[in-house]
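Okay, here's what each chain looks like letter by letter:
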Amino acid sequence: MRRLLPRLRRRRWLVVGIAALITTIALLTGCLAVRTPAPVGHFTSAAAADRFLAAYDRAMADMPSADRTLDVRTSYGVVRLYHFAGAGPDADPLLLLPGRAAASPVWADNLPALLRLRSVYTIDLLGEPGMSIQQRPIETPTDHAQWLHEVLIELPEPAIHLVGLSIGGWTAMNLAVHRPEKIASVTLLDPVLVFADLSWQAILRSIPASVRWFPRSWRDDFASWTANDAPVEDVPVARMIEAGMQTYALKLSAPHRVTPEDLSGVGTPTLALLAGESRMHDTAEAAEVAERALPEATVIVYPDASHAINGEYPDRIAADIATFLAASGP
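The notes below deal with the structure included here. (Residues numbered from 1 in each chain as written. Predicted model: local features only at pLDDT ≥ 70, side-chain atom pairs only at ≥ 80, totals over all residues. Heavy atoms only, no water.)

Turning next to the overall build of the protein chain. On a plain count of helices and strands, the protein chain comes out with 13 helices and eleven strands. The contacts of the protein chain with a sequence gap of at least 6 include a subset with a gap of at least 24, amounting to 80%. Counting every atom, the protein chain has about 12600 Å² of accessible surface; 54% of that belongs to carbon and sulfur. (Helix = DSSP H or I, 4+ residues; strand = E, 2+ residues; numbered from the N terminus. Contact = heavy atoms within 4.5 Å. Areas by Shrake-Rupley, 256 points an atom, 1.4 Å probe, with all protein chains shown as cover.)

To continue, consider the pattern of salt bridges. Enumeration over the complete set of coordinates arrives at six salt bridges. We note a salt bridge from Arg68 to Asp67, for which the minimum N-O separation is 3.8 Å. Using a relative accessible area of 31% as the deciding quantity, one classes Arg68 as partly exposed. Residue Asp67 is classed as partly exposed on the basis of its relative accessible area of 43%. Between Arg257 and Asp197 there is a salt bridge whose closest N-O contact spans 2.9 Å. With Arg257 in the loop between strand S9 (248-249) and helix H10 (260-264) and Asp197 in the loop between strand S8 (183-189) and helix H7 (200-209), the pair connects residues that are 60 residues apart, well separated along the chain. (Salt bridge = Lys/Arg side-chain N within 4 Å of Asp/Glu carboxyl O. Buried < 20%, exposed > 50% of the residue type's maximum accessible area, 1.4 Å probe, protein only.)

Here the focus is the pairing of strand S11 (residues 298-302). Pairing geometry for strand S10 (residues 270-275) and S11, over five bridges, is parallel. In the sheet register, Leu274 faces S11, and the bridge partner there is Val301. Chirality of the crossover, the property in question, places the unit of S10, helix H11 (residues 283-293) and S11 among those that are right-handed. (Pairing = 2+ DSSP bridges. Right-handed = clockwise from strand over helix to strand, strands pointing away.)

Before going further, it helps to examine empty space enclosed by the protein. Scanning the entire structure with this criterion turns up three cavities of 30 Å³ or more. Taken as a whole, the largest cavity spans an internal volume of roughly 70 Å³. If you go around the largest cavity, the residues you meet are Arg100, Leu125, Leu126, Glu128, His144, Trp147, Ile167, Trp170, Thr171 and Leu252. Sorting the residues of the lining of the largest cavity by element identifies helix H5 (141-154) and helix H6 (167-178) as the ones contributing at least two each. The residue inventory of the lining of the largest cavity, partitioned by class, reads six nonpolar, two polar and two charged. (1 Å grid on protein atoms, 1.4 Å probe; cavity = no way out; pocket = protein on both sides within 12 Å on 5 of 7 lines; lining within 4 Å. Points joined across faces, edges and corners; volume = space filled by probe spheres on them. Nonpolar A, V, L, I, M, F, W, Y, C, P; charged D, E, K, R; others polar.)

Moving on, we come to the environment of Val235. For Val235, the location among the structural elements is in the loop between helix H8 (216-226) and helix H9 (236-247). By relative accessible area, Val235 is classed as buried at 11%.

Judged by how many residues are buried, strand S7 (residues 160-165) sits mostly within the fold: six of six residues are covered. By the alternation rule, side chains of S7 split into Ile160, Leu162 and Gly164 and His161, Val163 and Leu165, which are all buried. Two elements, strand S4 (residues 94-97) and S7, share four bridges in a ladder whose sense is parallel. Residue pairing in the sheet places Leu96 in a bridge with Val163 of S7. With H6 bridging S7 and the parallel S8, this β-α-β connection has right-handed handedness.

Below you can see the structure in the form of structure tokens.
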């Protein structure tokens with residue numbers, strides 16, 4: 001029975017950890033199907049925005065109730081965050097960064113366990129489909145770091161623990177490389193382009209999935225492959241991601257692979273939770289690079305996890321974060 005539970009979670013959450021990565025790979029391979037002159041991310045029409053927002057609201061209904069909604073103005077746009085009061089109100093909170101195109105509702109299954117540890121912020125990444133509004137081009141790793149740094153500076157707590165999934169892991173580590181001032185720690189959930197390159201299989205399989213007007217089944221096939229052939233189910237967060245991919249034009253620069261030299265300069269306590277069966281990259285290589293470049297980091301491989309690790313192992317992830325935080329500070 002214990003072995004069955006992760007499989008059941010995978011059936012529900014296979015798109016959650018990985019569907020947004022389709023757009024990531026499309027950016028890397030130059031396969032964006034529609035290019036518009038607008039320099040910032042945007043919904044392609046008013047009807048498209050309405051469709052996405054309806055799916056977003058439905059997915060948010062599966063989240064715990066937020067006690068605060070924040071719209072933080074940065075020099076790159078307005079960033080939406082939600083605050084959830086949890087245990088240890090005086091402890092530095094967690095800030096959860098989703099994968100590309102996933103937005104805050106991706107964390108619905110993770111929040112109950114994480115809120116038993118401490119309070120939590122979720123964020124809709126700037127330049128992605130969600131409630132954040134990009135107003136200035138984001139063209140370099142420094143730009144990606146700057147807007148998030150400006151968000152952290154506006155939060156009232158003295159320090160923040162980052163938890164990043166997939167491209168959210170890259171976003172968190174990129175901030176630790178460029179603007180680490182307010183980061184208490186970084187937890188990475190099978191991050192892409194941090195410890196290893198994307199696999200060629202993922203790049204090739206993403207090409208048909210990245211064309212906006214192609215049938216949904218093409219994207220579902222890629223999503224199923226990415227989650228190690230788990231079947232796709234029609235759950236609200238998956239439909240939100242699908243709606244975002246269909247209705248939102250990204251205008252972000254492709255993320256650059258974090259170099260081992262950059263990693264070696266990171267002094268922030270780091271926990272890397274890697275998916276042993278991830279098809280996004282070579283997990284053994286990623287673990288080796290992480291341990292070599294970040295000798296003080298904690299690196300754990302979940303042998304049976306796919307890239308949809310957050311939905312497959314929410315309780316184990318929370319337990320590992322609790323142990324990590326107890327050893328790394330307040």
